[in-house]
Amino acid sequence: MPAAATATASVAPVPKPAKPQHVPDKKYKCQFCARAFSRSEHRSRHERSHTKERPFKCAKCRSTFVRRDLLLRHDRTVHAKDGGVPLVSEVKRRPGAKPTPKATPTKPSIDLDTATMEQIEASSDATAALANNPNDQLDETSTPYSPDHTTMFDTSVPFMPGMPGSMPINQMPWDHFMSNSLSFNSTSTVQPHPNQLPPMMERYPSGGDALAPGLQSLTGSMPISGPATPNGLSPFPFMTGPVSPVDYRRSPGPSQPITTPKVPQLQSDEDYNMMQEAMKRCDNERTTQPNFEIQSRGEINACLESYFKLFHHHLPFLHLESFEPSQVSPALLLSVLSIGALYSFNQDKAFMFHIGSKLLVSQFLQNKESFSSRKCPLWTMQSTLLNMIFASWSGDPKGLEWAGSIKSLVANMVAGNRYELKIRSEAREGAQPTHAEWVEDEGCRRTYYAVYIFFGLLTLTYDHTPAISFKEFETLELPSSESLWNLEVVDEDSWRDSLTASTIITVREAIDSLYQGDATRYSAFATRVMINALFLAVWEHKRNFEALQDVVTEYKLRLALETWEKSLEKCEPETIVVQLSAPHQGHPLIFNAMALYRNTWARLEVDLKSVQEALRYHDSYEVAAAMTNARDKVKRSQEMIKVIEECYNCIEIVALQGIKWVGETCATNWSVEHPLCGLDLMVILSLWLYRLEHDEVEATTEELAMYNKVRNLFDDESVDGYSSKLSSTVARLWGSMLDEVVVWGITKLMGESFKLHSQALAGYEDAVASGTSASTPTMSSQGVDLDMDTTFQSIQA
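- As annotated in an unreviewed UniProt entry, the chain carries the name C2H2-type domain-containing protein and is attributed to Letharia lupina.
- Checking UniProt for the chain, the heading Subcellular location (unreviewed entry) contains the comment "Nucleus".

Listed below in structure tokens is the structure:
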């Protein structure tokens, strides 16, 4: 018997207390799922996952967090460069408390009893609620957060996660058109929802009277459904957060009034009748009329509002002031309504509008006696672009194949239309255009760049060969600022003054400056165009076997990327208030551009072509297998640390905001570019973590520090609740977040693929849990490797 005891001791030299010993102490139960906790503060933190409560508010940018330590980390990482007094932890704020030594790796403990912690959390919750709703008075029966998740959604919306009768867009019938009558959610009445601008307009006078006009312009009229919550700037008030106005601390230039663009609407029944008559004249075969005639004016206005408030700012090539729904081409109107219906979670109606727009464009092109790209009106290019966007991110491979089949057609339209633009510009012989002429020309340029950006996303996601060369736009002016694009012109003299004061340069001038290391000033839209050009340059460089040995070219690309980031400090000032939630200050176009910037850095080191090719066919098992089998692409080197830092920056944005909260809000607030750009980064991060966890080569100091940075983003429940492996946890949580994004079907495919990828990375833990015998998987230099193909076969079985 003593020998047996000795053997046992050798197997487990560090005994751990058994979990049942702690069970009697777990007396604090969650009121939603009855889970027990040993401390009330742990229970309160857990209950926030049910209520979506984020009581800890950043006073500098109005970001909100579920825990104070996340707020402190946000203040250190995001606002450190802004100056000002940093936030301090609870330990440092208590008189007489001793700070934790820096060398201690453990988290600082707060010596507070249970009653004190409950009082602090209760006061924090109340303070946050009053700060967000200073005019609201909560009675005893009202609760700002509903325990029942289903009551947070407007039940009239037919497609939301978990709702009966919902159909994801990747299950839509692409082969035939559904001609049955489709019911749309009833139009909500427009109610005023006042919101105050974040306290960052430092260049305005501090007097209250001076701020009044700007604040009045921020008071929007939004269709409200569901319970009211703070900062309700989106049509779905539970999916809200801080707005994204211009960051005047970084934007040079004179002070300008803050404006909110007016959303195009059908103002009267007369406009509605004009629109219906235009549809009849355009649709000679009456393929769309039976379904379109039953759409009421309110239903159409709701889709227009969703498009221009939720999608337009990510690709602003339409001119709001001149976009008249009763006068624009019916094909363009239907394509706008299709994406607006997507953002309203009405997939059936979105599909109907999408098919109708495709049919009208096809009829127009077929009825032309001789097709010429120079004679195609701009609306054919714009409506086709929106239809391609709809189809490519639908989650259905047939839609992607259709979009790929007409890429050359759209590229020809861009070339022909650009030539006509050149002729018009040369005919002015250097004279400044009138405002009407400039709007026409700028609308053309913005449409070209929108096509260029979209084609870049096809290359990023599916490894499609770019259909438009950079040389196509060399002499073209970059897009103007959104302020100039949406400017309300009083007279031509004031217009010429505004145009003269604006900074507009050509694409060639901008790219030359970036490659020379000179930070350049241009607009937010131009920022997005330039990072697209750099991304495609990196893609072409990595696809050229001869260029792979060209050290000079790679050095220039790295210099251009660094200069592009520095140019953000000089970005054109934007005075257009974008009513979207984002964890940054500035226009969403810059937020989107940063996502592609991080992906471009990763492409310099890691090539995930096999994953991109698998995505073309929309099979989650094939995509996940390609993810896991790409582990040999991820090396452990000094250069990889820079890539992992960008991966960390990507996941930190989500972690600090709250993964569950981001999953439910980014569908209507963030562009589809973020999940598309983040796919490579999260695959790389998960595989790099996997190598650190399984390689027998000891981790370096930098690698260990980066591993711990990623680990500290998650609480113990997130990591230990499923698998002790951080690599599997990162893939699983990212997949779970993408599952919540319900606007674009491609995100559902990505979410499922990441969850399967997570299961493969945690194959050993799954095998132990199921009772099968398996050895510990490693990726060692000794040749011991995990057969991921076998793992996926077992998952499918």
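1. Digging into the overall build of the chain
- A tally of regular secondary structure across the chain gives 32 helices and 6 strands.
- Expressed as a percentage of the 797 residues in the chain, the buried residues total 53%.
- In the chain, the proportion of contacts linking residues at least 24 apart, taken out of those at least 6 apart, comes to 75%.
- Roughly 35700 Å² of accessible area belongs to the chain as shown, and the carbon and sulfur atoms make up 52% of that amount.

2. Things to note about the pattern of salt bridges
- Across all of its chains, the model carries 28 salt bridges by this definition.
- Its salt-bridge partner being Glu-482, residue Arg-446 comes within 2.9 Å of it at the nearest N-O pair. Residue Arg-446 is located in helix α15 (residues 435-462), and its partner Glu-482 is located in helix α16 (residues 482-485); the two are separated by 36 residues in the primary sequence.
- Relative accessible area serves as the criterion here: at 3%, Glu-482 is assigned to the buried category.
- Salt bridges linked by common partners bring Glu-442, Arg-445, Arg-446, Glu-477 and Glu-482 together as one network.

3. Topic: the nonpolar core
- Counting 165 residues, the largest nonpolar core has Ile-389, Trp-393, Leu-478, Trp-564, Ile-684 and Trp-744 as the members making the most contacts within it.
- The residues touching Ile-684, leaving out its near neighbours within four places in the chain, are Ala-602, Val-606, Leu-608, Val-634, Met-640, Val-643, Ile-644 and Cys-647.
- Phe-56, Cys-58, Cys-61 and Phe-65 belong to the second-largest nonpolar core, a separate cluster that totals 7 residues.

4. Comments concerning helix α7 (residues 269-282)
- For α7, spanning 14 residues, the distance from its first C-alpha to its last is 20 Å, which sits close to the expected 20 Å at 1.5 Å a residue.
- Within α7 the residues assigned to the buried category are Asp-271, Tyr-272, Met-275, Gln-276, Ala-278 and Met-279. Along the axis of α7, the buried positions cluster into a sector of 160°, meaning they face one direction only. With respect to the buried face of α7, the exposed residues turned more than 90 degrees away are Asp-269, Glu-270 and Arg-281.

5. Side note on the environment of Arg-508
- When you line up the elements, Arg-508 lands in helix α18 (residues 507-516).
- The class of Arg-508 is partly exposed, set by a relative accessible area of 30%.
- Residues contacting Arg-508, with those up to four places away along its chain left out, are Phe-470 and Glu-474.
- Separated by 2.2 Å, the side chains of Arg-508 and Glu-474 make a polar contact.

6. Some words on the packing of aromatic side chains
- Taken as a whole, this structure holds 16 aromatic pairs when the rule is applied.
- Measuring from ring centre to ring centre gives 4.9 Å for Trp-438 and Trp-495, while their planes differ by 55°; the resulting arrangement is tilted. Of the two residues, Trp-438 sits in helix α15 while Trp-495 sits in helix α17 (residues 492-501), which places them 57 residues apart along the sequence. Take Trp-438 and Trp-495: they sit in the same class, and that class is buried.
- An angle of 45° between the planes, with centres 5.4 Å apart, marks the rings of Tyr-449 and Phe-473 as tilted. Of this pair, Tyr-449 sits in helix α15 while Phe-473 sits in the loop between α15 and α16, and the two are 24 residues apart along the sequence. Side by side, Tyr-449 and Phe-473 carry an identical accessibility label, which is buried.
- Taken together, the ring pairs connect Tyr-307, Phe-308, Phe-311, Phe-323, Tyr-343 and Trp-744 into an aromatic cluster.
- Above the plane of the ring of Trp-601 lies Lys-642, whose end atom (NZ or CZ) is 5.0 Å from the centre.

7. With respect to the packing of α18 against helix α19 (residues 524-543)
- Running from N to C, α18 and α19 cross one another at 65°; their axes reach a closest spacing of 11 Å. The crossing of α18 and α19 is right-handed. Where α18 abuts α19, its residues Val-507, Ala-510, Ile-511, Leu-514 and Tyr-515 lie against Met-530, Leu-534 and Ala-537.
- When its residues are assigned to classes, the contact of α18 with α19 shows 8 nonpolar, no polar and no charged.

8. Description of a negative patch on the surface
- Taken together, the side chains of Asp-491, Glu-492, Asp-493 and Asp-497 define an acidic patch exposed on the protein surface.
- Counting through the fold element by element, Asp-491 comes out in the loop between α16 and α17.

9. Quick notes on helix α24 (residues 638-657)
- Counted at 1.5 Å a residue, the expected span for α24 with its 20 residues is 28 Å, and the 30 Å between its end C-alpha atoms agrees.
- A maximum bend of about 25° is found in α24 at Ile-651.
- By the criterion of burial, α24 is predominantly enclosed, with 14 of the 20 residues buried.

10. Here's the deal with the environment of Ala-533
- Looking at the element boundaries, Ala-533 is found in helix α19.
- Placed 77 residues apart in sequence, Ala-533 and Gly-456 show a C-alpha to C-alpha distance of 8.3 Å.
- Excluding anything up to four places from it in sequence, Ala-533 contacts Tyr-452 and Phe-470.

11. Considerations on the side chain of Asn-592
- Tracing the chain through its elements places Asn-592 in helix α21 (residues 588-603).
- Dropping the residues within four chain positions of it, Asn-592 is found in contact with His-314, Arg-528, Ser-671, Glu-673 and His-674.

12. Some words on unusual backbone geometry
- In this model, Phe-345 sits at a positive phi of 65°, which is unusual for a non-glycine residue.
- Tracing the sequence through the fold places Phe-345 in the loop between α10 (330-343) and α11 (347-367).
- Overall, Phe-345 belongs to the buried group, its relative accessible area being 1%.
- Of note, His-618 is a non-glycine position whose phi angle comes to about 60°, a positive value.
- With respect to the helices and strands, His-618 occurs in the loop between α22 (609-615) and α23 (620-629).

Calculation rules
Residues numbered from 1 in each chain as written. Predicted model: local features only at pLDDT ≥ 70, side-chain atom pairs only at ≥ 80, totals over all residues. Heavy atoms only, no water. UniProt positions renumbered as here; feature names shortened; annotations may be inferred. Helix = DSSP H or I, 4+ residues; strand = E, 2+ residues; numbered from the N terminus. Buried < 20%, exposed > 50% of the residue type's maximum accessible area, 1.4 Å probe, protein only. Contact = heavy atoms within 4.5 Å. Areas by Shrake-Rupley, 256 points an atom, 1.4 Å probe, with all protein chains shown as cover. Salt bridge = Lys/Arg side-chain N within 4 Å of Asp/Glu carboxyl O. Core = buried A, V, L, I, M, F, W, Y, C linked by side-chain atoms within 4.5 Å. Expected span 1.5 Å × (residues − 1). Arc of directions from axis to C-beta. Polar contact = N/O pair within 3.5 Å; in protein donor to acceptor, adjacent residues only side chain to side chain. Phe/Tyr/Trp six-rings, centres within 6.5 Å; stacked < 30°, edge-to-face > 60°. Lys NZ or Arg CZ within 6 Å of the ring centre and 35° of its normal. Axes fitted to C-alpha atoms, helices over the stretch in contact; angles between N-to-C directions. Left-handed = near helix turned anticlockwise from the far one by under 90°. Nonpolar A, V, L, I, M, F, W, Y, C, P; charged D, E, K, R; others polar. Patch = residues over 30% accessible without salt bridge, like charges linked within 9 Å, V, L, I, M, F, W, Y side chains within 5 Å. Lys, Arg positive; Asp, Glu negative; His and termini not counted. Charge placed at Lys NZ, Arg CZ, Asp CG, Glu CD. Bend = angle between axes of the 7 residues up to and from the residue.

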